[in-house]
Amino acid sequence: MQRIGEVIEASTTRFTAGAYELLEAPSFGVLVRAVTRDPSLDVYGLVYEIRTSSKDPGGRALVRGRTYSGRELFDEEIYAEHPDLAEVLQTEFSALTVGYVADGQICHYLPPQPPPVHYSVYAATSAEMVRFSEVTSFFRGVLFAAQIPGDELLAASIRGFARVRPDGEPYLLRAGREVAGLLKDDYDRLTALLRRIRP
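Described in the following lines is the structure provided in the data block. All values derive from a computational prediction rather than experimental measurement.

## Side note on the overall build of the protein
No. 1: When you go through the protein residue by residue, the secondary structure sums to 7 helices and 7 strands.
No. 2: Reading the protein from its N terminus to its C terminus gives the helix and strand order β-β-β-β-α-α-β-β-β-α-α-α-α-α.
No. 3: Its C-alpha atoms give the protein principal-axis dimensions of about 60 × 40 × 30 Å.
No. 4: The buried share among the 199 residues of the protein stands at 44%.
No. 5: Carbon and sulfur atoms make up 51% of the accessible area of the protein, which amounts to about 11,200 Å² in all.
No. 6: Of note, the protein has its 22 positive side-chain charges centred 5 Å away from the centre of its 27 negative side-chain charges.

Here it is in structure tokens:
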């Protein structure tokens, strides 16, 4: 498998990775896997934020769509005209930790340690996604995590899991029932989330 980035910040509940390719981050809601110092333990997270900004602390990207000669550049043309952008900008993605795998056993709760800074991050394979999504106990942690778009994240991840599972439609129904149990006291939030789960 090809590495997609490396951890640049980590805590018990989430981690941030720098992507190796500018503008190439895993999609919102995708399951990613970060390796740890223990070769038998990897940490799983759901991507909840993607951003591209200056590599310099406090720096900002500059407008590049018009040259000094007055020539207008649009979208991809800007990157073709300024190949140095890959050296001054960095794409990063943050993931909410939703479990880990230790000695081949998947656990749907927080790992004993976060992944170390500068360790590798991979996109989970379809087989890993199917295996991880067999259990829905991580739903609660996503829905009630602080300072992330939990409802949107859970809906995106459920849709993604359903796409790779052979039992996609039954999985959506099972996931919907689990969400209904978790949000039974908040009808408005529940109905809004169930609408988002539908692909």
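Having seen it, we continue.
## Description of helix H6 (residues 168-182)
No. 1: Helix length check: H6 (15 residues) gives 21 Å between terminal C-alpha atoms against 21 Å at 1.5 Å per residue, within 8%.
No. 2: Elements that come into contact with the buried residues of H6 comprise helix H4 (139-143), helix H5 (150-164) and helix H7 (187-197).

## Some remarks on the packing of aromatic side chains
No. 1: On inspection of all chains with the given rule, the structure shows 6 aromatic pairs.
No. 2: For the pair Phe138 and Phe139, a centre-to-centre distance of 5.0 Å together with 90° between the ring planes defines the contact as edge-to-face. For the pair Phe138 and Phe139, one class covers both residues: buried.
No. 3: A network of ring pairs unites the aromatic residues Tyr44, Phe132, Phe138, Phe139 and Phe161 as a single cluster.

## Some remarks on the environment of Phe161
No. 1: Of note, Phe161 is situated in helix H5.
No. 2: Along the chain, Phe161 and Glu128 lie 33 residues apart, while their C-alpha atoms are 10.0 Å from each other.
No. 3: Setting aside chain neighbours within four positions, we find Phe161 in contact with Leu31, Leu46, Met129, Phe132, Ser133, Phe138 and Tyr171.

## Here's the deal with the side chain of Glu92
No. 1: The residue Glu92 is located in strand S5 (residues 89-102) in this model.
No. 2: Setting aside anything within four residues of it in sequence, one finds Glu92 in contact with Ile8, Thr16, Ala17, Gly18, Ala19, Glu49, Ile50 and Arg51.

## Details of the pairing of strand S7 (residues 120-123)
No. 1: Judged from the 2 bridges that link them, strand S1 (residues 5-10) and S7 form a sheet pairing that is antiparallel. If you follow Gly5 over to S7, its bridge partner there is Val121.

## A short note on the environment of Glu178
No. 1: Residue placement: Glu178 occurs in helix H6.
No. 2: Judged by relative accessible area, which is 29%, Glu178 ranks as partly exposed.
No. 3: As for Glu178 and Arg140, which are separated by 38 residues in sequence, their C-alpha atoms are 9.3 Å apart.
No. 4: When near neighbours in sequence (up to four residues on either side) are disregarded, Glu178 contacts Thr136 and Phe139.

## Quick look at H5
No. 1: With 15 residues, H5 extends 21 Å between its outermost C-alpha atoms, agreeing within 8% with the 21 Å of an ideal straight helix rising 1.5 Å per residue.
No. 2: Those residues of H5 that sit buried are Gly150, Asp151, Leu153, Leu154, Ala155, Ala156, Ser157, Ile158, Gly160, Phe161 and Ala162.

## So, the nonpolar core
Across soluble globular proteins, nonpolar side chains show a tendency to be buried alongside one another.
No. 1: Core analysis: the biggest nonpolar cluster contains 32 residues, and Leu31, Val98, Phe139, Ile158 and Val179 have the highest contact counts within it.
No. 2: Only strand S4 (41-54), S5, helix H3 (126-132), H4, H5, H6 and H7 provide two or more residues apiece to this core.
No. 3: The element that contributes the greatest number of residues to this core is H5, accounting for 6 residues.
No. 4: In this view, Ile158 contacts Phe139, Tyr171, Leu172, Ala175, Val179 and Ile197; residues no more than four positions away in its chain are not counted.
No. 5: Core analysis: the next-biggest nonpolar cluster, separate from the first, contains 14 residues, Val32, Val43, Tyr100 and Cys107 among them.

## Things to note about the packing of H6 against H7
No. 1: The N-to-C vectors of H6 and H7 enclose an angle of 165°; their axes lie 10 Å apart at closest approach. Here H6 is positioned roughly antiparallel relative to H7, judged by the angle of their axes. Of the two possible hands of crossing, H6 and H7 adopt the one that is right-handed. Contact with H6, carried on its side by Leu172, Gly176, Val179 and Ala180, involves Leu190, Leu193, Leu194 and Ile197 of H7 and no other residues of that element.
No. 2: The residue makeup of the contact of H6 with H7, split by class, is 7 nonpolar, 1 polar and no charged.

Rules of the game
- Residues numbered from 1 in each chain as written.
- Predicted model: local features only at pLDDT ≥ 70, side-chain atom pairs only at ≥ 80, totals over all residues.
- Heavy atoms only, no water.
- Helix = DSSP H or I, 4+ residues; strand = E, 2+ residues; numbered from the N terminus.
- Buried < 20%, exposed > 50% of the residue type's maximum accessible area, 1.4 Å probe, protein only.
- Areas by Shrake-Rupley, 256 points an atom, 1.4 Å probe, with all protein chains shown as cover.
- Lys, Arg positive; Asp, Glu negative; His and termini not counted.
- Charge placed at Lys NZ, Arg CZ, Asp CG, Glu CD.
- Expected span 1.5 Å × (residues − 1).
- Contact = heavy atoms within 4.5 Å.
- Phe/Tyr/Trp six-rings, centres within 6.5 Å; stacked < 30°, edge-to-face > 60°.
- Pairing = 2+ DSSP bridges.
- Core = buried A, V, L, I, M, F, W, Y, C linked by side-chain atoms within 4.5 Å.
- Axes fitted to C-alpha atoms, helices over the stretch in contact; angles between N-to-C directions.
- Parallel < 35°, antiparallel > 145°, perpendicular 65-115°, else oblique.
- Left-handed = near helix turned anticlockwise from the far one by under 90°.
- Nonpolar A, V, L, I, M, F, W, Y, C, P; charged D, E, K, R; others polar.

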